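Structural overview
Next come the chains, spelled out residue by residue.
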2 protein chains.
Amino acid sequence: MSIAMPVPNAETLAKRERIARALRAIVPGEGVIDAPEALRPWESDGLTAYRQPPLLVVLPETTAQVSAVLKWCHAEGVKVVPRGAGTSLSGGALPLADAVLLGLGKFKRVLDVDYEDRVAVVQPGVTNLAITQAVEGRGFYYAPDPSSQIACTIGGNVAENSGGVHCLKYGLTTNNVLGAEVVLMDGEIVRLGGRHLDSGGLDLLGVVVGSEGLLGVVTEVTVRILPRPETARAVLVGFPDAEQAGACVAQVIAEGIIPAGMEMMDRPAIHAAEAFVNVGYPLDVGALLIVEVDGPAAECDFLIGEIARIGNANGAVTSRVSDGEAERMAFWAGRKAAFPAVGRISPDYLCMDGTIPRRRLPDVLRRMEELSEEYGLRVANVFHAGDGNLHPLILYDANVPGELDKAEAFGADILRLCVSVGGVLTGEHGVGIEKRDLMPEMFSDADLKQQQRVKCAFDPELLLNPGKVFPVLHRCAELGQMHVHHGALPHPELPRF
Amino acid sequence: MSIAMPVPNAETLAKRERIARALRAIVPGEGVIDAPEALRPWESDGLTAYRQPPLLVVLPETTAQVSAVLKWCHAEGVKVVPRGAGTSLSGGALPLADAVLLGLGKFKRVLDVDYEDRVAVVQPGVTNLAITQAVEGRGFYYAPDPSSQIACTIGGNVAENSGGVHCLKYGLTTNNVLGAEVVLMDGEIVRLGGRHLDSGGLDLLGVVVGSEGLLGVVTEVTVRILPRPETARAVLVGFPDAEQAGACVAQVIAEGIIPAGMEMMDRPAIHAAEAFVNVGYPLDVGALLIVEVDGPAAECDFLIGEIARIGNANGAVTSRVSDGEAERMAFWAGRKAAFPAVGRISPDYLCMDGTIPRRRLPDVLRRMEELSEEYGLRVANVFHAGDGNLHPLILYDANVPGELDKAEAFGADILRLCVSVGGVLTGEHGVGIEKRDLMPEMFSDADLKQQQRVKCAFDPELLLNPGKVFPVLHRCAELGQMHVHHGALPHPELPRF
């Protein structure tokens, strides 16, 4: 489908030329892209319904260049949108018409691996999967595994606090990142965390992970790597309906079993996936759980027995344990291909991302079916059931006028539903622009202002990725941070006994 | 030992009276303490070498009272030091002569327990152990277990990001807290996180955990509770020297085994503990590991075999598996009593807290022995070996003039040593006043200023717990957060395709 390029006005063109000239002095060669046709590939991220070519693109290769680019933009009041691979599903990396798009694609090196301390130090443009590939020869891997792991980068994972099917047992990105080098908007370079557990002082690493490019540009990441478990086995457990599957999930967790992954697919998702990849999913069930256990073989055997027992107690009608590594991979292939599979049965779909307390799964699924009827739009459900992270796929046709609007309204209702049962607007896809205007459904004005005060502590001129995450972007002076006193405060004498 | 009370001057007395009158209008009855003799019990926390009676003590009972107290103090420019049980070992809760001490001791209720979602909602004055006691009837527990768990409160645990022997497998406080209600210095009440994994927007909960009372006052905490593992067994593994024990620890972790706990004691600590509690520790070894495994019995058996194999490969000379729950508890009793046990063999001791990469354990222990000789002070080592968190106990006699100074200098050298091998100044005791002036050993000026900008985003007048954590407390205006623009920034139209 061809779309007309927006035609920039003379002022924009002059601004582009001035910025390009300045940035070329910092990043030589092909590192600055400003030809209009060359900007087209950058106009979207994974939230493909939104498109906006950037003012220009800069692709630095070193931390010093990133620092110099940000310093110049800071001094000139130029906005900057950082970008990894651009796979964000919430529009976190969507360009702005008046901002420099700062791509980290040239930061591709694995800098150091230490197997004894179990850490890898990598540049932010290394893909998620490439970290595992760099260490798998020694039997190690990097645990968080978003479905886009072939393409998405660790820098983007840090920005979005990405998850994946194995995050139930091994945690989200924030639980697997130990340190980072971050360039602030004024060009200052800070190091957060390190190769150790605690950090001393305020835990700024925690607030940078998941900050969606609003606090700084990550130029180096230290991640935890794990030894591959000795054994991994997956079980398919089928149920007549999603309610029983949800009850099974709740009981597995309540009994203290933390599977490596516990995914759920509803009937539409099962059928779409099976038609696409043909891995042998049961087609006569209303809901399917894929439960993976890993660890020593003795533990896996024990846990599979427990899961079978709990499945039966909750009305399971089919159950099948993977017979070898090939079949285990096949079980997962269907799940990982579920999004493109749904893409085959509908012209377009919207992938939502919300999280709920596990025990509310049955209620939420029931209400979602009602909403589906009200809106007249089909919905397929594929989700990380173990941690209550839903991914409803709303099926629509962009060529039917008004249907995208309807799909977005349906999606917003689903997220409101998540919040109303004690859940949250996002699980692992971030807020971006997609959920920005829904933030007040979850946060009070005081909550949002406090979040923005922290944003102001990193980027007081609001130049980094503006228009994302915060429904209202207050100027920092409005947030009560004006002070007239100067100088350091003297500490009192320490009252040692 | 009796010490003279510092005599407050007339100005201080007038200030105290004025504040007491105002706070009594908010917290009625016995909730405001200002009689000089009644302030004595509050003059110290767990860092007992430092003593300072507060200006006065306020003990609110509700979030609304906390909010009103902070709002009044904020308006009047009065400093506030929050306090849980006062067991901090780094002086985090040490009062200031010109500050209100805000005790959370009356926040003692368990508000809600949800076994299906596995969360408990508690007030901050509930002790760490009381959370477990509230849920153990149903087979659950709260995982982080500082040695002070009988006394220390969950609010203090949040402030210090406390650890414990089981944090190797189950994480520190930050990994077990899902949400909090926090009152900011200006009286605003915000809710961070919730009963779910992700939070949406900036992760302020992460930065509040471990912020040592500098960002806000926590008035409610939502924690994760876990089902008791089916089986737990502990193994004592003895080695000729600490170097071999350290190598064993590194190999256990490198092979992918995460024991529930993996503690190490050196010869002086073993002898002191055994003399105190008589639990059958081997006395002819140079270093002892206590390794606990938990989970299904099959898994425990397997892991104990693995640990024995790795122990033997690293020169273990003794090995003994706990025979039943009583003996397992006895193995731990010695470890948990190690601090008081050392107190029996030395008039005084200083408990240090630093963290190092696991593989540097042997080097660090060797260098510590050299320092011990240089300073002429004995040191006993008890530590969370699995996560590289050292607790060297420096033995000294406060009645020998200059010996405390020498012990503190030795302690500072140990922490510098930790940083120099890629470690960190603290593991689980916080920075407080103890390590405040050592922070520049680890952080650059840019790092510390950025941490303080975040402090300023919460408490721009620097009224909350000043004099702790930051070696220099810059006035916020000095940190580049002055702005002249006002009003919210308009978001650009969303470029939907």
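Keep in mind that this is a model prediction, so the values were computed, not measured.

Moving on to the state of the cysteines. Here the structure, examined in full by the defined rule, presents two disulfides over all chains. Disulfide pairing is shown between A:Cys456 and A:Cys476; the S-S distance is 2.0 Å. The disulfide joining A:Cys456 to A:Cys476 has a torsion of about -85 degrees about its S-S bond and is therefore left-handed. Residue A:Cys456 is located in helix α16 (residues 445-458), and its partner A:Cys476 is located in the loop between β21 (473-474) and β22 (488-489); the two are separated by 20 residues in the primary sequence. Judged by relative accessible area, A:Cys456 falls into the buried class, the value being 0%. Take A:Cys152: it sits in no disulfide, and the sulfur closest to it among the cysteines is that of A:Cys167, at 11 Å. In this structure A:Cys152 comes out as buried when scored by relative accessible area, which is 4%. Here B:Cys351 stays free of any disulfide, with the sulfur of B:Cys418 as its closest cysteine sulfur at 12 Å.

On to the pattern of salt bridges, then. Close approach of charged atoms allows side chains of opposite charge to pair. What the rule picks out here adds up to 60 salt bridges over all chains. For B:Arg18, the salt bridge identified is with B:Glu76, shortest N-O distance 3.0 Å. One end of the pair, B:Arg18, is in helix α1 (residues 10-24); the other, B:Glu76, is in helix α3 (residues 63-76), with 58 residues separating them in the sequence. Overall, B:Arg18 belongs to the partly exposed group, its relative accessible area being 37%. B:Glu76 gets classed as partly exposed once you look at its relative accessible area, which sits at 38%. One salt-bridge network, held together by shared partners, links A:Glu243, A:Arg360, A:Asp363 and A:Arg366.

The parts lose accessible area when they come together, and the size of an interface is often stated as this lost area. Each side of the interface is counted separately: chain B has 108 residues, and chain A has 108 residues. Note on chain B versus chain A: buried area summed over both sides is about 9,400 Å², and carbon and sulfur give 61% of it. In this assembly, chain B and chain A are joined by four salt bridges. Examining the composition of the side of chain B that touches chain A, we find that 10 residues originate from one element, helix α16 (residues 445-458) of chain B, more than from any other.

So, about the relation of the copies chain B and chain A. With an RMSD of 0.0 Å, chain B superimposes on chain A once it is rotated by 180 degrees and translated 0.0 Å along the axis. The symmetry that links the two subunits is that of a two-fold axis. Same-surface contact between copies: 100% of interface residues of chain B are shared with the interface of chain A.

Our next topic: the pairing of strand β20 (residues 392-396) of chain A. All names here are of chain A. Burial of β20 is extensive: five of the five residues sit out of reach of the surface. Sheet topology note: the strand β16 (residues 348-351)/β20 ladder contains four bridges and is antiparallel. Bridging from a neighbouring strand, Asp348 pairs with Tyr396 of β20. Sheet analysis places strand β18 (residues 379-383) next to β20, joined by three bridges and oriented antiparallel. Residue Asn381 lies in a different strand from β20, and its bridge partner there is Pro392.

Turning our eyes to something else, we now look at helix α9 (residues 267-277) of chain B. All names here are of chain B. When α9 is considered as a whole, its buried residues turn out to be Ala269, Ile270, Ala272, Ala273 and Glu274. Residues of α9 that are buried in the fold lie against β13 (261-266), β14 (287-295), α11 (325-336), α12 (338-345) and β18 (379-383). Once α9 finishes, Asn278 follows within two positions and takes phi at roughly 55 degrees, a positive value.

Let's shift gears to the sheet that holds strand β6 (residues 119-122) of chain A. Residues and elements named next belong to chain A. Spatially, the five strands line up as an open sheet ordered β5-β6-β10-β8-β9, and their pairing is antiparallel. The outermost strands of the open sheet, each flanked by one partner alone, are β5 (110-114) and β9 (189-193). Strand after strand, the sheet turns through a mean of 10 degrees between neighbouring axes, direction not considered. Strand contacts of helix α3 (residues 63-76): β8 (177-183), β9 and β10 (217-224), with the helix running at about 50 degrees to β8, the strand carrying the most contacts.

A separate point is the packing of helix α8 (residues 242-254) of chain A against helix α13 (residues 361-375) of chain A. What describes two packed helices is the angle between their axes and the distance between those same axes. Residue and element names in this part refer to chain A. At a minimum axis distance of 8 Å, the contact between α8 and α13 shows a crossing angle of 155 degrees. On the basis of the axis angle, α8 is roughly antiparallel to α13. Viewed along their axes, α8 and α13 form a crossing whose handedness is right-handed. On α13, the residues touching Ala242, Glu243, Gly246 and Val249 of α8 are Leu361, Pro362, Leu365 and Arg366.

Bringing the environment of A:Gly432 into the picture now. All names here are of chain A. Within the secondary structure, Gly432 sits in the loop between α14 (403-420) and α15 (439-442). Between the alpha carbons of Gly432 and Ser322 there is a distance of 38 Å; along the sequence they are 110 residues apart. Beyond its immediate sequence surroundings of up to four residues, Gly432 is in contact with Ser90, Gly91, Gly92, Glu212, Lys468 and Val469.

This next bit is on the nonpolar core. One finds A:Phe458 and B:Phe458 to be the most contacted residues of the largest nonpolar core, which totals 200 residues. Apart from the residues within four sequence positions on either side, A:Phe458 is in contact with A:Leu184, A:Met185, A:Leu204, A:Val207, A:Val208, A:Leu215, B:Gln450 and B:Val454.

Moving on to the packing of helix α1 (residues 10-24) of chain A against α3(A). Residue and element names in this part refer to chain A. Where α1 meets α3, the axes come as close as 10 Å, and the angle between the chain directions of the two elements is 145 degrees. Considering the relative orientation of α1 and α3, their crossing is right-handed. Along its contact with α1, which presents Arg18, Ile19, Ala22 and Leu23, the element α3 presents Val69, Trp72 and Glu76. Residues of the contact of α1 with α3, tallied by class, amount to five nonpolar, no polar and two charged.

Residue and element names in this part refer to chain A. Domain boundaries assigned for chain A yield domain 1 (10-103), domain 2 (110-227), domain 3 (231-420) and domain 4 (436-474). Between the C-alpha centres of domain 2 and domain 4 there is a distance of 24 Å. Tallying the contact residues gives 11 residues for domain 2 and 10 residues for domain 4. Overall, the association of domain 2 and domain 4 removes approximately 970 Å² of surface from exposure, summing both partners, and the carbon and sulfur fraction of that is 78%. Considering only the surface of domain 2 that becomes buried against domain 4, Met185, Leu214 and Leu215 emerge as the three largest contributors, covering 62% of it. In this assembly, domain 2 and domain 4 are joined by zero salt bridges. On inspection of domain 2 and its partner domain 4, the count reaches two residue pairs in polar contact (both at pLDDT 80 or more). At three residues, the largest contribution of residues to the side of domain 2 that touches domain 4 is made by helix α7 (residues 204-208).

Criteria and cut-off values
- Sequence order sets the numbering: in each chain, residues are counted from 1 along the sequence as written.
- Numbering of ligands from 1 and lettering of chains from A proceed in the order in which they are written.
- Per-residue local features are limited, in this predicted model, to residues with pLDDT of at least 70; the limit for side-chain atom pairs, both in listing and counting, is 80 or more; totals at the level of whole chains, interfaces and linings are taken over all residues.
- Computation of side-chain values: all heavy atoms of the structure, hydrogens and water removed.
- Only a pair of cysteine sulfur atoms within 2.5 Å counts as a disulfide in this structure description.
- Helix numbers and strand numbers start at the N terminus; a helix is a DSSP run of H or I with at least 4 residues, a strand a run of E with at least 2.
- For the exposure calls, accessible area comes from a 1.4 Å probe over protein chains only, and a residue counts as buried if that area is under 20% of its type's maximum, exposed if over 50%, partly exposed in between.
- By definition, a salt bridge exists where a carboxyl oxygen of Asp or Glu is found within 4 Å of a side-chain nitrogen of Lys or Arg.
- Two residues form a contact once any of their heavy atoms are found within 4.5 Å.
- The quantity reported as buried area is the accessible area (1.4 Å probe) lost by two parts once they are put together, taken as the sum for both.
- For this overlay, a least-squares fit was computed on C-alpha atoms, restricted to residues scoring pLDDT of at least 70 in both copies.
- For two strands to count as paired, DSSP must find a minimum of two bridges between them.
- Interaxial angle, 0 to 180 degrees, is taken between N-to-C directions of lines fitted to C-alpha atoms, where a helix line uses only the stretch in contact.
- Angle categories: roughly parallel below 35 degrees, roughly antiparallel above 145, roughly perpendicular from 65 to 115, and oblique for all the rest.
- Take the far helix as your reference; a near helix turned counterclockwise from it by less than a right angle gives a left-handed crossing, and one turned clockwise gives a right-handed crossing.
- By nonpolar core is meant a set of buried Ala, Val, Leu, Ile, Met, Phe, Trp, Tyr and Cys residues that side-chain atoms within 4.5 Å join together.
- All residues other than Ala, Val, Leu, Ile, Met, Phe, Trp, Tyr, Cys, Pro, Asp, Glu, Lys and Arg, Gly among them, are scored as polar; the first ten of these are nonpolar and the last four charged.
- Here the limits of each domain have been adopted from an automatic or database domain assignment.
- Polar contact criterion, stated in full: a pair of N or O atoms within 3.5 Å, where within protein one must be able to donate a hydrogen and the other to accept it, and residues adjacent in sequence count only if both atoms are side-chain atoms.

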